[in-house]
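Breakdown of the fold
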Amino acid sequence: MRGRGERRPPMEITRVDAGAGRLALRFAGAFPADVVPAMRECVWQLVGRPDAPIDLDLSGVESMDGSTMAVLLELRGELEHHGTEARITGAHDALARLYELYDAAGRRPTRPVPDGPTSALEQIGREVAGFGEGVNTTLDYLGSLLDAAIATVRRPANMNWADVTRIMERAGADGVPIVVMITFLVGMVTAFQAIVQLRQFGADIFVADLVALSVARELGPLMTAIIVAGRSGAAFSAELGTMAVSEEIDALRTLGLSPYGFLVYPRIVALVVVVPLLTLVGDLCGVLGGVFVSMLRLDITLTAYWQLTLQVLDLWDVASGVLKSVVFGWAIALVACQRGLATRGGAAGVGLATTSAVVASLFALVVIDALFTVLFNLYGV
Amino acid sequence: MSDPVIQVEDLAIGWGDRVLMEHLTFDVPAGDVFAILGGSGSGKSTLLRNLIGLEVPMGGRIEIRGVREGEGDGVRPAFGVLFQSGALFGSMTVGENVALPLRQWTALDEASIEAIVHAKLALVGLGGAEHQLPSEISGGMKKRAGIARALALDPPIIFLDEPSAGLDPVSSVELDHLIRTLSDALGVTTVIVTHELQSIFAIAKHCILLDRDARGIIASGDPRALRDQSADPRVSRFLNRRAGEE
């Protein structure tokens, strides 16, 4: 039977009687890897339901790829599994060496395959155990931070103060343009939406009140924090993650330095200082976005809009947003550094840690914002 | 054999719940080059991480210069470490890397630190490389800079993890020579984790050989004597670079 192999001479497998009650399949021609499916099909068609021992006779083979030999050995195993004695014969020269190589490899002990989850219950158990480990890791991280804080108070040199200004510049000054642009646009969009709704009640002059309050209390701090989480949170996580996988964190420890004092606290201090400052910039730009739209759509002057804004805003409105932003900065640095330090497994691990840091930071920001809103409402401020 | 600076007794190490090696007992004599040998996956690097305190042993005891591991946390380290990749801090220059432990653990003024950094870098053949970033130097130079950082505080012990890995033969021989010279001249006890046999025969006076299947030490002593005289086929096979018989 000729196979569908495309090379010349094509593969050919024929069934013959080998005598002494044995059956033989004679392989002839070339057997590159791409004839494997055809070869399997041919063998099973020719063998049918074998009732005699089989010789796989390779004496006519001119060439055979290693992959083809591997599959042929597997076929032999399948035949034996079906209760038929099968052996490979007639392999010569290079083919004999190829056969010996793959046959010996097949007989070497293989590593045990780790057991996969066997049931839904086991998978749930694994998830719960994983969650427990996550909680344990987080508590360990917080405990280590506390330890490092105490050590830093006792010995301020433990803290890498030199890094604080560098990180503040990167997270703060370098982030100003994007904060300005985003908060200005958010102020514009808020004003547009407010004008459309308020005009229905003839109250469009209150657009200044709405923009000022929403930007100062919610949008300014939140949008700024989201930008910082995307820029600096991701950068912290990637930087610390890369240090973790390239043994730099281990090196720090062996030099007697705490990664918390040396790497985490400078980032926390930097963001706790920088995020409120960026928030003030964002507040101002958000209001300016409202001014811009109102001047275009309401024919209101800059001075008049500014006076309306000052009338409605009191110091607490701005201060409450700034207070939130301090906690936002702390949370972003805390989460991003934790994910970075926990990085394992090379470049892919760094990517995962960075993604995880941004997602977890955003989640934390929304939760913290909701908590603040509830608290401020409870206390009527 | 001189007095031991590191004593390991009935140590068990591993990952998670999995024991990799157990009943490890050995002493590292002072002032010599001591090698921890073994095939890939035999637990050499895990043992090193336990010795330098990056992992907590699953059982047993490690004492470095009479101090039990874990008792010396937060104090000036008693040893320096060269990691496989060099592990220089990428955001600092080579000089700042070497200066870091000096700034942390000494009250030296900047001029003195600068002089020491220059001297340490010159010692490892990197004089003048103070202002280069790790990304600007070769793999061999990174390892030399890592040794300079490990020696910054003049520790009595240094640990080297696969110092020759990834180096060309010439750089590898030069590094071996440097390690031997530092050990002889400074009296530094050097613990090397490696499977580079030529390096070990050239520089180490003592070694232990770990075996994954035995989950422990299968030989200890002078590496050349073990190579030539050991009756244990596993030891002879490893040290004479012979493939395993099936």
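Counting restarts for each chain: residues are numbered from 1 in the order of the written sequence. Chains and ligands are labelled sequentially in the order written, the chains with letters from A and the ligands with numbers from 1. Where totals are concerned, whole chains, interfaces and linings use all residues; where local detail is concerned, this predicted model gives features only for residues with pLDDT of at least 70, and gives and counts side-chain atom pairs only at 80 or more.

Attention now moves to the packing of helix α1 (residues 36-47) of chain A against helix α2 (residues 66-81) of chain A. Residue and element names in this part refer to chain A. Between α1 and α2, whose axes approach to 10 Å, the crossing angle comes to 25°. Relative to α2, the element α1 lies roughly parallel. In this structure, α1 crosses over α2, and the sense of that crossing is right-handed. Contacts between α1 and α2 involve Val36, Met39, Arg40 and Val43 from the first element and Ser67, Thr68, Val71 and Leu75 from the second. To get an axis, fit a line to the C-alpha atoms, keeping to the stretch in contact for a helix; angles then go from 0 to 180 degrees between the N-to-C directions. A run of H or I in DSSP counts as a helix once it spans at least four residues, and a run of E counts as a strand once it spans at least two, with each numbered from the N terminus. An angle below 35 degrees is read as roughly parallel, one above 145 as roughly antiparallel, one from 65 to 115 as roughly perpendicular, and any other as oblique. Take the far helix as the reference: if the near one is turned anticlockwise from it by less than a right angle, the crossing is left-handed, and if turned clockwise, right-handed. Here contacts are defined at the residue level, using C-beta atoms placed from the backbone and a cut-off of 7 Å between them.

Here the bounds of each domain stem from an automatic or database domain assignment. Each assigned domain of chain A is listed with its residue range as follows: domain 1 (12-107) and domain 2 (140-378). A separation of 68 Å is found between the C-alpha centroids of domain 1 of chain A and domain 2 of chain A.

Here we come to the environment of B:Leu48. All names here are of chain B. Examined against the element boundaries, Leu48 turns out to sit in helix α1 (residues 44-51). Here a residue counts as buried when 20 or more other C-beta atoms sit within 10 Å of its C-beta, as exposed when there are 12 or fewer, and as partly exposed otherwise, the C-beta atoms being derived from the backbone. Classification of Leu48 by C-beta neighbours within 10 Å gives buried; the count is 23. For the pair formed by Leu48 and Ser164, sequence separation is 116 residues and the distance between their alpha carbons is 16 Å. Those residues within four positions of Leu48 in sequence are excluded, and the remaining contacts are Ile36, Phe159, Asp161 and Val193.

Moving on, we get to the packing of helix α7 (residues 207-245) of chain A against helix α12 (residues 346-378) of chain A. Residue and element names in this part refer to chain A. In contact at an axis separation of 8 Å, α7 and α12 are set at 150° when each is read in the N-to-C sense. One element, α7, and the other, α12, form an angle in the roughly antiparallel class. As for how α7 packs across α12, the hand of that crossing is right-handed. Where α7 abuts α12, its residues Leu222, Ala225, Ile226, Ala229, Gly230, Gly233, Ala234, Ser237, Ala238, Gly241, Thr242 and Val245 lie against Gly346, Gly349, Val350, Ala353, Thr354, Ala357, Val358, Ser361, Leu362, Leu365 and Asp369.

Residues and elements named next belong to chain B. With five of six residues buried, strand β9 (residues 206-211) is to be regarded as a mostly interior element. Two strands pair under a simple rule: DSSP has to find at least two bridges between them. Two strands pair when backbone bridges link them, and strand β3 (residues 33-38) and β9 are joined in this way by five bridges, in the parallel orientation. In the sheet register, Ala35 faces β9, and the bridge partner there is Cys207. In the sheet, β9 pairs with strand β10 (residues 216-221) via five bridges, with the strands oriented antiparallel. Bridge pairing links Cys207 to Gly221 in β10. Hairpin connection from β9 to β10: four residues lie between these consecutive antiparallel strands, with Arg215 at a positive phi of about 55°.

Once that is clear, we can look at the sheet that holds strand β4 (residues 86-89) of chain A. Residue and element names in this part refer to chain A. Sheet architecture is open: four strands sit in the order β1-β2-β3-β4, paired in mixed fashion. A strand with exactly one partner marks an edge of an open sheet, and here the two such strands are β1 (12-19) and β4. Averaged over all pairs of adjacent strands, the angle between strand axes in this sheet comes to 25°, irrespective of strand direction. Sheet analysis places strand β2 (residues 22-31) next to strand β3 (residues 54-64), joined by eight bridges and oriented parallel. What sits directly across from Leu25, in β3, is Leu56. Across the sheet, α1 is in contact with β1, β2 and β3; its angle to β1 comes to roughly 35°.

Bringing α7(A) into the picture now. Along α7(A), the largest kink reaches about 60° and is centred on A:Val215. The buried fraction of α7(A) is high, at 28 of 39 residues. Consider a residue and the seven residues that end there alongside the seven that start there; fitting an axis to each set, the bend is the angle between those axes.

The next thing to look at is the environment of A:Val16. Considering the arrangement of structural elements, one finds A:Val16 in strand β1. Dropping the residues within four chain positions of it, A:Val16 is found in contact with A:Ala24 and A:Arg26.

Attention now goes to the pairing of β4(A). The side-chain alternation of β4(A) yields one buried face, formed by A:Ala86 and A:Ile88, and one unburied face, formed by A:Arg87 and A:Thr89. Here is how to tell: hold the view so the strands point away, follow the path from the first strand over the helix to the second, and if it runs clockwise the crossover is right-handed. Following the backbone out of β3(A), through α2(A) and into the adjacent parallel β4(A), one traces a crossover that is right-handed.

This brings us to the sheet that holds β10(B). Residues and elements named next belong to chain B. Read across the sheet, six strands follow the order β6-β7-β8-β3-β9-β10 without closing on themselves; strand pairing throughout is mixed. A single partner strand is all that each edge strand has here, and the edge strands are β6 (79-82) and β10. Adjacent strand axes in the sheet meet at a mean angle of 15° when their direction is disregarded. Helix α4 (residues 139-151) rests against β6 and β7 (157-161) of the sheet, and its axis sits at about 170° to β6. Contacting β3, β7 and β8 (189-193), helix α5 (residues 169-186) crosses the sheet at an angle of about 140° to β3.

At the junction of the two partners, chain A supplies 13 residues and chain B supplies 17 residues. The element contributing the most residues to the side of chain A that touches chain B is helix α8 (residues 248-254) of chain A, with five residues. Gly counts as polar in this scheme, as do all residues outside two lists: the nonpolar Ala, Val, Leu, Ile, Met, Phe, Trp, Tyr, Cys and Pro, and the charged Asp, Glu, Lys and Arg. Partitioning the side of chain A that touches chain B into residue classes produces six nonpolar, three polar and four charged.

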